[in-house]
Amino acid sequence: MNIEPSDAKKDPAGAFWLLGILSALPVALIVMLTFADVLGRYIFSSPVRGSVEMIEFAMALVIFTALPLVTRNREHVTVSLIDGFFTGTGRRIKNLLCDAVSALALGMLTWRLVLQGIEDLDAETATIVLGLPHAPLSFVLTALAGISTLTVLVLIWNAFTHKGAAT
């Protein structure tokens, strides 16, 4: 598998395209739910029951469905204080180190999310108003964080094999 940031928009049939669509759906839900909640609250004195819980779940989904896309395109928030000091091989090494730190952080996030999902499953935790179980969301977030971890590992592999040199 060859994942390169420059190929991000050339893959309309792939999983990353699907993740882009899936990240838009919770945003649409948040917009519609917020509109309905405000309308109901101020015009009909009847807010949407459990809207805050649904928006919280949707926000988590927005972040984690977009995470593999951001990782693939190396579009994480960065501070380029030292970028000017590196060119050529030095820049490749710096980028590989940054990717390695990202892989470590994403791997730890995946590990903690799976533990959280197991804990949620065992404790049968759920939201207060609607009783939505936390475990399914935790496991979906685990899978998406895992995809992000694998994505950055493939980017590192490609850089080492010169298929997608870290630039």
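Here's a quick rundown of the structure. (Residues numbered from 1 in each chain as written. Predicted model: local features only at pLDDT ≥ 70, side-chain atom pairs only at ≥ 80, totals over all residues. Heavy atoms only, no water.)

## A short note on the overall build of the chain
Move 1: Helix and strand counts for the chain stand at 4 helices and 0 strands.
Move 2: Counting helices and strands in the order they occur from the N terminus, the chain gives α-α-α-α.
Move 3: For the chain, buried positions account for 34% of its 167 residues.
Move 4: Total accessible area computed for the chain in this model is approximately 10,500 Å², and 72% of it derives from carbon and sulfur atoms. (Helix = DSSP H or I, 4+ residues; strand = E, 2+ residues; numbered from the N terminus. Buried < 20%, exposed > 50% of the residue type's maximum accessible area, 1.4 Å probe, protein only. Areas by Shrake-Rupley, 256 points an atom, 1.4 Å probe, with all protein chains shown as cover.)

## Notes on unusual backbone geometry
Move 1: Phi is positive for S45, close to 50°, though the residue is something other than glycine.
Move 2: Its location among the elements puts S45 in the loop between α1 (15-43) and α2 (51-72).
Move 3: The exposure class of S45 is exposed, given its relative accessible area of 62%.
Move 4: In this structure, R74 is a non-glycine residue whose phi angle is positive, near 50°.
Move 5: Tracing the backbone through its elements, the reader meets R74 in the loop between α2 and α3 (88-123).
Move 6: What makes R74 partly exposed here is its relative accessible area of 24%.

## Regarding the nonpolar core
Move 1: By size, the foremost hydrophobic cluster in this structure holds 18 residues, and its most contacted members are L19, F64, L113, L137 and L141.
Move 2: At the level of elements, α1, α2, α3 and α4 (134-160) are the ones that each hand at least two residues to this core.
Move 3: Top element by residues in this core is α4. It accounts for 7 residues.
Move 4: When neighbours within four sequence positions are excluded, L19 is seen to be in contact with T65, P68, L69 and L144. (Core = buried A, V, L, I, M, F, W, Y, C linked by side-chain atoms within 4.5 Å. Contact = heavy atoms within 4.5 Å.)

## Description of the packing of α2 against α3
What describes two packed helices is the angle between their axes and the distance between those same axes.
Move 1: Between α2 and α3, the shortest axis-to-axis distance is 13 Å and the interhelical angle comes to 160°. With respect to α3, the element α2 is oriented roughly antiparallel. Crossing handedness for the pair α2 and α3: left-handed. Taken together, the residues of α3 that come into contact with α2 (itself represented by F64, L67 and T71) are L106, L109 and L113.
Move 2: In terms of residue class, the contact of α2 with α3 is built from 5 nonpolar, 1 polar and no charged. (Axes fitted to C-alpha atoms, helices over the stretch in contact; angles between N-to-C directions. Parallel < 35°, antiparallel > 145°, perpendicular 65-115°, else oblique. Left-handed = near helix turned anticlockwise from the far one by under 90°. Nonpolar A, V, L, I, M, F, W, Y, C, P; charged D, E, K, R; others polar.)

## Examining the packing of aromatic side chains
Move 1: Taken as a whole, this structure holds 0 aromatic pairs when the rule is applied.
Move 2: The aromatic ring of W111 is capped on one face by R112, whose charged end is 5.3 Å from the ring centroid. (Phe/Tyr/Trp six-rings, centres within 6.5 Å; stacked < 30°, edge-to-face > 60°. Lys NZ or Arg CZ within 6 Å of the ring centre and 35° of its normal.)

## So, the layout of surface pockets
Move 1: In this model, the largest pocket occupies a volume close to 450 Å³.
Move 2: Taken together, 18 residues make up the lining of the largest pocket; nearest its centre are R74, T78, K94, N95 and C98.
Move 3: Listed by contribution, the elements that provide at least two residues to the lining of the largest pocket are α3 and α4.
Move 4: The element contributing the most residues to the lining of the largest pocket is α3, with 6 residues.
Move 5: Residues of the lining of the largest pocket, tallied by class, amount to 6 nonpolar, 7 polar and 5 charged. (1 Å grid on protein atoms, 1.4 Å probe; cavity = no way out; pocket = protein on both sides within 12 Å on 5 of 7 lines; lining within 4 Å. Points joined across faces, edges and corners; volume = space filled by probe spheres on them.)

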